[in-house]
Amino acid sequence: MGLLPLEFSDCYLDSPAFRDRMKAHEAELEKTNRFIKELSKDGKNLITATKNLAVAQRKFAQSLGEFKFEYIGDAKTDDEKCIDESLQEFASFLKNLEEQREIMLFNITETLLKPLEKFRKEQLGAAKEERKKYEKDTEKYYSALEKVLNMSAKKKDQQLQEADNQVEVMRLHFHEESLEYVCKLQEIQEKKKFDCAEPMLAFFQAVFTFYHQGYELAQDFSHYKTKLQINIQNTRNRFDGTRSEVEELMKKIKQNPEAHKRNSPLSIEGYLYVQEKRPPPFGSSWVKKYCIYLKEQKIFNMVSFDHRSGGKTGEPESFILKSCTKKTGDSIDKRFCLELEVADRPGLIITVQALSEDDRKQWMQAMGGKEPVCKLGRTYSKREGIEAHLDEVGFSLLKNCISAVESRGITDQGLYRVVGVSSRVIKLVGILMDEKTYSEVDLSSSDEWDIKTVTSALKQYLRSLPEPLMTYELYKEFIVPAKCGTPESRVDAIHYLVYKLPEKNLEMLGMIMKHLANVSANCKQNLMTVANLGVVFGPTLMRPEEETVAAIMDLKFQNIVVEILIENHEKIFGSAPDGSPTTPVALSSSEPSAPPRLSKKPNQPPAVYNPSVELQYADCPNPVKDETSMGSTDSVSSQSSTATTSSTSGSPPEDPKNHFSTNGGDLMDWASISYPSTVPQMNASSLTTPASPSSATFFSPEGTNNDKPGDSVTYRKAKAVFSCEAEHDSELSFPVGAIFEDVTSSKEPGWLEGKLDGKRGLIPKNYVELL
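As the structure is a computational prediction, the values presented were derived from the model and not from experiment.

Asker: Got a minute to help me understand helix α17 (residues 555-567) in this structure?
Answerer: Three- or four-residue spacings in an α-helix give side chains the same orientation, since the helix completes a turn every 3.6 residues. Over its 13 residues, α17 runs 19 Å from end to end, which matches the ideal 18 Å to within 8%, given 1.5 Å per residue. Burial of α17 is extensive: 13 of the 13 residues sit out of reach of the surface.

Asker: How should I be thinking about the state of the cysteines in this particular structure?
Answerer: One way to say it: the disulfide is the covalent bond shared by the sulfur atoms of two cysteines. This model, assessed by the stated rule, comprises zero disulfides. Looking at the unpaired Cys-183, the closest cysteine sulfur is the one in Cys-11, lying at 9.8 Å.

Asker: Sorry, what's going on with the packing of helix α2 (residues 16-66) against helix α3 (residues 78-149) here?
Answerer: Helix packing for two helices is described by the angle between their axes and how far apart those axes are. Closest axis-to-axis distance for the α2/α3 pair is 9 Å, and the angle between their directions is 160°. The orientation of α2 with respect to α3, classified from their angle, is roughly antiparallel. Both α2 and α3 take part in a crossing whose hand is left-handed. When grouped by side-chain class, the residues that make up the contact of α2 with α3 number 24 nonpolar, ten polar and 16 charged.

Asker: I would appreciate a short explanation of the pattern of salt bridges in the present structure.
Answerer: A full pass over the atoms with the stated rule returns 30 salt bridges. Among the ionic pairs, Arg-58 bridges to Glu-102, the shortest N-O distance being 3.0 Å. With Arg-58 in helix α2 and Glu-102 in helix α3, this residue pair connects regions lying 44 residues apart in the sequence. With a relative accessible area of 30%, Arg-58 lands in the partly exposed category. Assessed through its relative accessible area of 42%, Glu-102 is described here as partly exposed. In the salt-bridge network here, residues are joined through shared partners; they are Glu-26, Arg-131 and Glu-135.

Asker: For this particular structure, what's the right way to read the packing of aromatic side chains?
Answerer: Each aromatic ring pair is characterised by the separation of its centres together with the angle its planes make. Counted by the stated rule, this structure contains 16 aromatic pairs. Ring plane angle 70° and centroid distance 5.8 Å describe the contact between Tyr-142 and Phe-174, whose orientation is recorded as edge-to-face. Taken as a pair, Tyr-142 in helix α3 and Phe-174 in helix α4 (residues 157-220) lie far apart in primary sequence, 32 residues in all. Since its relative accessible area comes to 1%, Phe-174 is described here as buried. Lying across the ring of Tyr-271, Lys-288 places its NZ or CZ 5.2 Å from the centre.

Asker: Hey, could you run me through the packing of α3 against α4 in this one?
Answerer: One way to put it is that α3 packs onto α4 with a least axis distance of 9 Å and a crossing angle of 170°. By the criterion of interaxial angle, the relationship of α3 to α4 is roughly antiparallel. The class makeup of the residues in the contact of α3 with α4 is 32 nonpolar, ten polar and 13 charged.

Asker: So what exactly am I meant to see when it comes to the pairing of strand β7 (residues 349-353) here?
Answerer: Taken residue by residue, a regular strand's side chains alternate between the two faces of the sheet. Within β7, four of the five residues are buried, leaving the element largely enclosed by the surrounding structure. Summarising the sheet, strand β1 (residues 267-277) and β7 pair through two bridges and their orientation is antiparallel. Bridging across to β7, Tyr-273 finds its partner in Gln-353. Alignment of strand β6 (residues 337-342) against β7, held across five bridges, turns out to be antiparallel. Note on β7: the bridge partner recorded for Glu-339 is Thr-351. Where β6 hands over to β7, the hairpin turn is made up of six residues, of which Gly-347 adopts a positive phi near 90°.

Asker: How should the pairing of strand β2 (residues 284-294) be read in this particular structure?
Answerer: With eleven bridges joining them, β1 and β2 adopt antiparallel strand pairing. Pairing of Gln-275 across the sheet is with Trp-286, part of β2. Pairing of β2 with strand β3 (residues 299-306), which is carried by six bridges, proceeds in the antiparallel orientation. For Ile-292, the partnering residue across the bridge sits in β3 and is Asn-301. If you look at the hairpin formed by β2 and β3, you'll find four residues sitting between the two strands, and Lys-298 has a positive phi there, around 60°.

Asker: In this structure, what is going on with the environment of Phe-8? I would like to understand it.
Answerer: Relative to the elements of secondary structure, Phe-8 occurs in the segment before α1 (10-13). Taking C-alpha positions, Phe-8 is 8.2 Å from Cys-183, a pair spaced 175 residues apart along the chain. Those residues in contact with Phe-8 that sit more than four places away from it in its chain are Leu-179, Val-182 and Cys-183.

Asker: Hey, could you run me through the confidence of the model for the chain in this one?
Answerer: Close inspection of predicted coordinates is inappropriate in any region flagged by low pLDDT. The predicted model of the chain averages 76 in pLDDT, with 77% of residues at 70 or higher. Within the chain, the lowest mean pLDDT, 35, falls on helix α20 (residues 693-699), and the highest, 94, falls on helix α13 (residues 503-521). Segment residues 369-383: pLDDT under 50, and 22 contacts once partners within four positions in sequence are set aside and those in other chains are kept. Across residues 580-713 the pLDDT falls below 50, and counting only partners more than four positions away or on other chains, this stretch makes 290 contacts in the model.

Asker: What am I meant to see in unusual backbone geometry here?
Answerer: Even without a glycine there, the phi angle at Tyr-416 is positive, about 75°. Mapped onto the fold, Tyr-416 is located in the loop between α8 (392-408) and α9 (422-432). Judged by its relative accessible area of 1%, Tyr-416 is buried. In this model, Thr-471 sits at a positive phi of 65°, which is unusual for a non-glycine residue. Within the secondary structure, Thr-471 is located in the loop between α10 (451-463) and α11 (475-483). Residue Thr-471 is classed as buried on the basis of its relative accessible area of 5%.

Asker: Looking at this structure, how should I read the environment of Glu-66?
Answerer: Looking at the element boundaries, Glu-66 is found in helix α2. A relative accessible area of 59% places Glu-66 in the exposed class. Sequence-wise, Glu-66 and Ala-91 are 25 residues apart; in three dimensions their C-alpha atoms are separated by 9.1 Å.

The rules we used
- Residues numbered from 1 in each chain as written.
- Predicted model: local features only at pLDDT ≥ 70, side-chain atom pairs only at ≥ 80, totals over all residues.
- Heavy atoms only, no water.
- Helix = DSSP H or I, 4+ residues; strand = E, 2+ residues; numbered from the N terminus.
- Expected span 1.5 Å × (residues − 1).
- Buried < 20%, exposed > 50% of the residue type's maximum accessible area, 1.4 Å probe, protein only.
- Disulfide = S-S within 2.5 Å.
- Axes fitted to C-alpha atoms, helices over the stretch in contact; angles between N-to-C directions.
- Parallel < 35°, antiparallel > 145°, perpendicular 65-115°, else oblique.
- Left-handed = near helix turned anticlockwise from the far one by under 90°.
- Nonpolar A, V, L, I, M, F, W, Y, C, P; charged D, E, K, R; others polar.
- Salt bridge = Lys/Arg side-chain N within 4 Å of Asp/Glu carboxyl O.
- Phe/Tyr/Trp six-rings, centres within 6.5 Å; stacked < 30°, edge-to-face > 60°.
- Lys NZ or Arg CZ within 6 Å of the ring centre and 35° of its normal.
- Pairing = 2+ DSSP bridges.
- Contact = heavy atoms within 4.5 Å.
- pLDDT = per-residue confidence, 0-100.

This is how it looks when you write it as structure tokens:
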């Protein structure tokens, strides 16, 4: 049961029951006062704890933003660049989240703590003052009443009358105070219901707003999360391929360390123990030093290095070598010793000790400059007993295997990734390469050989060639464009380099790429996306002549080259590049352009990584127009803004910046990159970077001077070449083929304004072409 009401009529009676009811009201107000005090204390503790959390979150974000992944090699793939930048994106996300939390903390103070404290002081404090005043008047009235009642009846009537009048005045004042106090008590009891509940509502609204802002930030950047997941998956796939190659190389080196020593015709290096003579009677000591001898200059460098002292390095020493002679055991009680005569310090002889007899011979040969150093090359043919060549038999094998795969195995899961039994693969390759029997075998109509054996036989043949199909000579030139530049420049550069291959190599490579494009077109069934095929065929079609860990680190770029060849096989193998073989090939030094969809929101953070999103078909080219855009990143190596490439991958074109000039069909110079002598380099001072013709159509009908800031689109029609789903009210949603009216340039970079179905809004400029 709740509090009993205080009747005004009871103020005149002032009964014990009335006083009890009044005390109950006063106790309830005191309880409310203690509650507000405790709540304010807890609220301040909450704010303090939240501020500490915000400080920790910001410190965590700062640590994320400051860290950078170091990579092995001289360049990163696009996937690795995105992963490297992801930490800064996550840091930005946390910072934006903490900004929203600060707003919430301010709202807690302003909407909860201050209103409650104000109610406690102004209302409950006023009630306390009224209570004190009421108790004082009660005491005064009843004291005066008792005094009058105790007066003797024998007193004069005038005195009694005056006393009665004074008591009456005090009684009227007491009753008035009682009425006001009762009214005040009941007023505060009613007001506390909304004066306390309303700040609570405002507090929870601030909390809900904070969580909703976090949800909105996550929703806005869900596409970034998906893209990053694909980058991570692609990097993991490339890592698996690289790891197997590194383990294979390590195994070879363990079996035959001497054969894998990286000797250079220009220098030799390694550890030698150098004799340091001391004055008598101390004799001499032997100090381990790392030595490098430059043969052409005859410069001998050495520096002391002690592994046992945490890698402490001494001062480097250098001298010009005059001669080197073998020191026999008769003159010194040490094995493997050499005497080095110093040219720039006449009379100085330095005695050094090699690590073994073979090591001494190598140092002797190097310092004499007589013995050539052989390079290590991989030959599968000798190991497997197969002699493969680019002849009629080889082309027949390739066509036979491709026909079998496309006729009865194009949808097999893990095509080319799942390997066949080694003995059966070698047997099939032997049959297909036998000049007497190769023409009698038809794999497409025979079930004797399963598809995994056929695909393994095709790869075995390619590995067994005397040199890779894309040749040792052009290996470094193919790798260069995969490491930098824009997607368009990569395609153009590789297009040019492909036509430097020998005729038969070019013909066979074209057949393979056309076939792999057919395989990737069925990736929904066989799971072999362009990226997956790049992992499988990268080391098969191209590899360096010398096998090193540094070369294996370039496997990911081999994969990217193969991805570009698959995605652009029609353009590359359909016709020769417009430029002549002497045309210089140049790469823009800029980073690849940003993702094609430009955002109008600055500094938006990504959504939190969610590994539960399916990535099984994320890399698959998407031929169906209305499916999700996950298929648009089937290979980050060659995202292109050209219409042909974009339509193949299902992704919109990129903003045309720093691309190759297609004016007149000539390619531009690869600025800031050093190239082999086969690729002439243009003077960097003459380098220009015009935009592609597709971008010119957005700014000038004639396509000239299209990069000038003053150019703009004015009241033209445009046609959508890609579908788009609006992310904000200011943007337009549209399908492929939609026609826009009254198209003008926008103040938002990378956007146009136009009208569709009576509604005007923003349009991504790289999603449309002007009519």
